[in-house]
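# Fold and geometry: a report
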Amino acid sequence: MADPVRVTVWNEFRHEKRNPEIAAIYPDGIHGAIAGPLAKHDDLEVRTATLDEPEHGLTDEVLAATDVLTWWGHTAHGEVDDVIVERLRKRVWEGMGLVVLHSGHLSKIFSSLMGTSCWLKWREADERERIWVVDPSHPIAAGLGEYFEIPQCEMYGEHFDIPPPDELVFISWFQGGEVFRSGCTFRRGNGKIFYFRPGHETLPIYHQAEVQHVIANAVRWCAQPRGVYPGYGNYLPREELEGYTGPDFSGHPDDVAARG
């Protein structure tokens, strides 16, 4: 039996502490609402982390034991330490999967990996969203029909300022008339990234079965095996080169990597 996928569910965990109405919808926090359904899958091993923990709960040890990180943030993007962001980015390059949810589009980690503003249109009118599956062959869409609906949501509309996705899995239509690229995959270094739009804090969207199903599929897709992370920098030759002396790597911190 294969080892379980090690998932860390991250949430800034601010709305639920400050707003009783939101706390009533998500009594265990948004991270709890996401982690609970994931933990019911035998092939997933789930832990949570939040903003106000030391190092935001994302220590080197935690990230070394994380195959896929899910990210939810909204009001406190600026409070995420740049040192932690750089740590996360390096782990994605090395092969950690990243599932970015809803307002995480403006998180430091997502925008730094995209290289764009990641801005969009938005509206809070509790309108209906229809999420169309536009790539039914994709593993993230497995087990879904042609579409599913969210009865009430916050609207996100185009233009969504992201790079062209590697794959577009879902497109959303909203009752007010807008459309949105709501399920996008990207690859950065050895890491796989999936952006999934649904999940406003004042609505029970993470309790909806289809949304939970997509997140579980996305976690598995982001964790799929990939090649060894390559070495970079000044490398000694693999084969003997007559007359080549090369640099002296002795005592250099990257000595092992530099020698391949």
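Residues numbered from 1 in each chain as written. Predicted model: local features only at pLDDT ≥ 70, side-chain atom pairs only at ≥ 80, totals over all residues. Heavy atoms only, no water.

### Section: the pairing of strand 3 (residues 68-72)
Filter applied, for reference: Burial status follows relative accessibility: with a 1.4 Å probe on protein chains alone, a residue under 20% of its type maximum counts as buried, one over 50% as exposed, and anything between as partly exposed. Helix and strand definitions follow DSSP, with helices as H or I runs of at least four residues and strands as E runs of at least two, each counted in order from the N terminus. Each pair of strands is called paired provided DSSP finds at least two bridges between the two strands. If you view a crossover with the strands going away from you and the path from the first strand over the helix to the second runs clockwise, you call it right-handed.
For strand 3, the buried fraction is high: 5 of the 5 residues fall into the buried class. In strand 3, alternate side chains face the same way, and those of Val 68, Thr 70 and Trp 72 on one face and Leu 69 and Trp 71 on the other are all buried. Bridge count for strand 1 (residues 5-11) against strand 3 is 5 bridges, and the pairing is parallel. Paired with Thr 8 across the bridge in strand 3 is Leu 69. Bridge count between strand 3 and strand 4 (residues 97-101): 4 bridges; the pairing is parallel. Its bridge partner being in strand 4, Trp 71 is matched across the sheet by Val 100. Crossover strand 3 to strand 4 through helix 5 (residues 82-94) is right-handed.

### Here's the deal with the pattern of salt bridges
Formally: Basic side-chain nitrogens of Lys or Arg form a salt bridge, by our definition, when they fall within 4 Å of a carboxyl oxygen of Asp or Glu.
Per the stated rule, a full pass over the model turns up 19 salt bridges. Notably, a salt bridge pairs Arg 87 with Asp 60, separated by 3.2 Å at the nearest N-O pair. Taken together, the residues span a long stretch of sequence, with Arg 87 in helix 5 and Asp 60 in helix 4 (residues 60-64) at a distance of 27 residues. For Asp 60, a relative accessible area of 48% corresponds to the partly exposed category.

### Considerations on the layout of surface pockets
Short version of the rule: In the cavity and pocket records, a cavity denotes points on a 1 Å grid over the protein atoms alone where a 1.4 Å probe fits but cannot get out, a pocket denotes an open set with protein on both sides within 12 Å along at least 5 of 7 lines, and lining residues are residues with an atom within 4 Å of a point. Grid points are joined across faces, edges and corners, and a volume is the space filled by probe spheres set on the points. Side-chain classes follow a simple rule in which Ala, Val, Leu, Ile, Met, Phe, Trp, Tyr, Cys and Pro form the nonpolar group, Asp, Glu, Lys and Arg form the charged group, and the remainder, Gly included, forms the polar group.
Considering only enclosed or pocket space, the largest pocket measures out at about 160 Å³ in volume. Considering the residues around the largest pocket, the lining is formed by 14 residues, among which His 74, His 105, Trp 122, Glu 154 and Tyr 156 are closest to the centre. Of all elements in the fold, only strand 5 (121-133) and strand 6 (147-157) reach the threshold of two or more residues within the lining of the largest pocket. Here the residues of the lining of the largest pocket are counted per class, giving 5 nonpolar, 6 polar and 3 charged.

### Re the sheet that holds strand 6
The condition is simple: As a rule, the C-alpha atoms of each element are fitted with a line to give its axis, helices using only the stretch in contact, and angles between N-to-C directions run from 0 to 180 degrees. Working rule for contacts: check all heavy atoms of both residues, and any pair within 4.5 Å makes them a contact.
The strand order 2-1-3-4-9-8-7-5-6 describes an open sheet built from 9 strands, whose pairing is mixed. Edge positions in the sheet fall to strand 2 (44-50) and strand 6, since each of these pairs with one other strand and no more. The sheet shows a mean angle of 25° between the axes of neighbouring strands, direction not considered. Against the sheet, helix 5 makes contact with strand 3, strand 4, strand 8 (179-188) and strand 9 (191-196), and its axis sits at roughly 115° relative to strand 9, the strand it touches most. In the packing of helix 7 (residues 209-222) onto the sheet, contacts are made with strand 1, strand 2, strand 3, strand 4, strand 6, strand 7 (167-174), strand 8 and strand 9, and the angle to strand 9 comes to roughly 165°.

### What about empty space enclosed by the protein?
As enumerated under the stated definition, the model contains 1 cavity of 30 Å³ or more in all. One number sums up the size of the largest cavity: a volume of about 40 Å³. Every residue lining the largest cavity is listed: Ala 33, Ile 34, Pro 37, Leu 38, Tyr 206, Gln 212 and Ile 215. Per element, the largest residue contribution to the lining of the largest cavity is 4 residues, and it comes from helix 3 (residues 29-39).

### A short note on unusual backbone geometry
Peptide bonds are mostly trans, and most non-glycine residues show a negative phi. Here the amide bond leading from Glu 158 into His 159 is cis, since omega sits at 15°, within 30 degrees of zero. Within the element layout of this structure, His 159 appears in the loop between strand 6 and strand 7. The backbone of His 56 shows a phi angle near 55°, a positive value even though the residue is not glycine. Looking at where His 56 falls in the secondary structure, it is placed in the loop between strand 2 and helix 4. Here Asp 126, not a glycine, exhibits a phi torsion of approximately 50°, which is positive.

### Things to note about the side chain of His 105
With respect to the helices and strands, His 105 occurs in the loop between strand 4 and helix 6 (108-114). If we ignore the near neighbours within four places in the chain, the residues touching His 105 are Val 100, Phe 110, Cys 118, Leu 120, Tyr 156, Phe 160 and Tyr 195.

### Considering the environment of Ile 150
Locating Ile 150 in the fold gives a position in strand 6. A C-alpha to C-alpha distance of 15 Å links Ile 150 and Ile 215, two positions 65 residues apart in sequence. With near-sequence residues (within four places) excluded, Ile 150 lies in contact with Glu 127, Arg 128, Glu 129, Ile 131, Pro 198, Ile 205, Gln 208 and Val 211.

### A few points about the packing of aromatic side chains
The line we're drawing: Think of it this way: a Phe, Tyr or Trp ring, Trp meaning its six-membered ring, pairs with another when their centres are within 6.5 Å, and the plane angle makes it stacked under 30 degrees, edge-to-face over 60, tilted otherwise. Two limits define a charge over a ring: the Lys NZ or Arg CZ must be within 6 Å of the ring centre, and within 35 degrees of the ring normal.
Counted by the stated rule, this structure contains 13 aromatic pairs. Taking 6.2 Å as the distance between ring centres and 70° as the angle between the ring planes, the aromatic pair formed by Phe 110 and Phe 186 counts as edge-to-face. Of this pair, Phe 110 sits in helix 6 while Phe 186 sits in strand 8; the two residues are 76 residues apart in sequence, bridging distant segments of the chain. The class for Phe 110 is buried, based on a relative accessible area of 0%. Judged by its relative accessible area of 1%, Phe 186 is buried. A centroid spacing of 5.7 Å and a plane angle of 70° characterise the contact between Tyr 156 and Phe 180, whose relative ring orientation is edge-to-face. Taken together, the positions of Tyr 156 in strand 6 and Phe 180 in strand 8 put the pair 24 residues apart, joining distant regions of the chain. Pair check on accessibility: Tyr 156 and Phe 180 agree, each one buried. By the ring-pair criterion, three or more aromatic residues cluster together here, those being Phe 110, Tyr 156, Phe 160, Phe 180, Phe 186 and Tyr 195. Taking NZ or CZ as reference, Arg 130 lies 5.4 Å from the ring centre of Tyr 147, over its face. A cation over a ring is seen here: Arg 197 above Tyr 156, with NZ or CZ 5.2 Å from the ring centre.

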